[in-house]
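So you can see what is in the structure, the chains are spelled out below.
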Amino acid sequence: DVKVTQSSRYLVKRTGEKVFLECVQDMDHENMFWYRQDPGLGLRLIYFSYDVKMKEKGDIPEGYSVSREKKERFSLILESASTNQTSMYLCASSSPQSLLDFGPGTRLTVT
Amino acid sequence: QKEVEQDPGPLSVPEGAIVSLNCTYSNSAFQYFMWYRQYSRKGPDLLMYTYSSGNKEDGRFTAQVDKSSKYISLFIRDSQPSDSATYLCAMGLVGNNRKLIWGLGTSLAVNP
């Protein structure tokens, strides 16, 4: 019953490293999302993709980029990780009319 | 004014209690309303959703929407320790799930 998977549950990286977070969905969904979740701030949208190679900035895109080369895969890239990017990262997917299915999350710590 | 307000709790109740979780919102244009349940260190799972005012029931869970008051609720009857989680409300416009608005979540602990 696999739906949305994320490459790592826990990740520890050093400041300045380039970090890749991978997300794969098996529901043939057009839309994919990257959120981060922080205490007191809730879920904040980083990037959204509505088709292969198509992306839109979310509310907090600074310091992040994304890649969607295949429909089922959406990658989040931290070009140069910083300590303020320590967070829980959640990937989600949906069809345009459906509700979001979330992955299990990646807890990233940047030291 | 925030677009959605949700009391973060924590809320602690004894097993078997009726739990009421609430969100208020400011944008009267919202068309659909969701509740997600998130266990510790996991991703959120969709629990219930509704497109209209009124009540929607699913087992021990009832989602209630009052569009005139801009107020939504989730009721849990006969609460169980397995209901211990954070409950997130979310709302949006049909066909535009890129613009979902999320509550901060309410942390619930059901004590055996």
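What counts as what
Residues numbered from 1 in each chain as written. Chains lettered and ligands numbered in written order. Predicted model: local features only at pLDDT ≥ 70, side-chain atom pairs only at ≥ 80, totals over all residues. Heavy atoms only, no water. Helix = DSSP H or I, 4+ residues; strand = E, 2+ residues; numbered from the N terminus. Polar contact = N/O pair within 3.5 Å; in protein donor to acceptor, adjacent residues only side chain to side chain. Contact = heavy atoms within 4.5 Å. Disulfide = S-S within 2.5 Å. Buried < 20%, exposed > 50% of the residue type's maximum accessible area, 1.4 Å probe, protein only. Buried area = accessible area lost by both parts, 1.4 Å probe. Salt bridge = Lys/Arg side-chain N within 4 Å of Asp/Glu carboxyl O. Pairing = 2+ DSSP bridges. Axes fitted to C-alpha atoms, helices over the stretch in contact; angles between N-to-C directions.

Undergrad: Pulling in residues and values, what's your account of the side chain of Asp38(A)?
TA: Residue and element names in this part refer to chain A. Tracing the sequence through the fold places Asp 38 in strand E4 (residues 31-38). Side-chain polar atoms of Asp 38 contact the side chain of Arg 36, separated by 2.8 Å. What Asp 38 contacts, discounting residues up to four positions off in sequence, is Arg 44, Thr 86 and Ser 87.

Undergrad: Break down the state of the cysteines for me, with residues and values.
TA: Scanning the entire structure with this criterion turns up two disulfides over all chains. The disulfide partner of Cys23(A) is Cys91(A), and the S-S distance across this bridge is 1.9 Å. Looking along the S-S bond of the Cys23(A)-Cys91(A) disulfide, the torsion reads about -75°, which is the left-handed sense. You can see Cys23(A) sitting in strand E3 (residues 19-25) and its partner Cys91(A) sitting in strand E9 (residues 87-94), a full 68 residues away along the chain. Its relative accessible area of 0% is what places Cys91(A) among the buried residues. The side chain of Cys23(B) participates in a disulfide bridge whose partner is Cys89(B); the two sulfur atoms lie 2.0 Å from each other. As the torsion about the S-S bond is roughly -105°, the Cys23(B)-Cys89(B) disulfide counts as left-handed. Highlighted residues: Cys23(B) in strand E3 (residues 19-25) and Cys89(B) in strand E9 (residues 85-93), separated in sequence by 66 residues.

Undergrad: Hey, could you go over the interface of chain A and chain B for me, with residue numbers and the actual values?
TA: Contact with chain A, which involves 28 residues of that partner, is made by 19 residues of chain B. Across the chain A to chain B interface the summed buried area is about 1,800 Å²; carbon plus sulfur atoms make up 54%. Together, Leu43(A), Leu99(A) and Phe102(A) form the three largest contributors to the area buried by chain A at its contact with chain B, with a combined 30%. At the surface where chain A touches chain B, the tally comes to one salt bridge. Salt-bridge contacts for Glu56(A) lead to Arg98(B); the nearest nitrogen and oxygen are separated by 3.1 Å.

Undergrad: An account of the sheet that holds strand E7 (residues 61-66) of chain B is requested, with residue identities and associated values reported.
TA: All names here are of chain B. Spatially, five strands are ordered E1-E3-E8-E7-E6 in an open sheet, and the strand pairing comes out antiparallel. Edge positions in the sheet fall to strand E1 (4-6) and strand E6 (54-58), since each has one partner strand and no second. Direction aside, neighbouring strands of the sheet carry axes that sit 15° apart on average.

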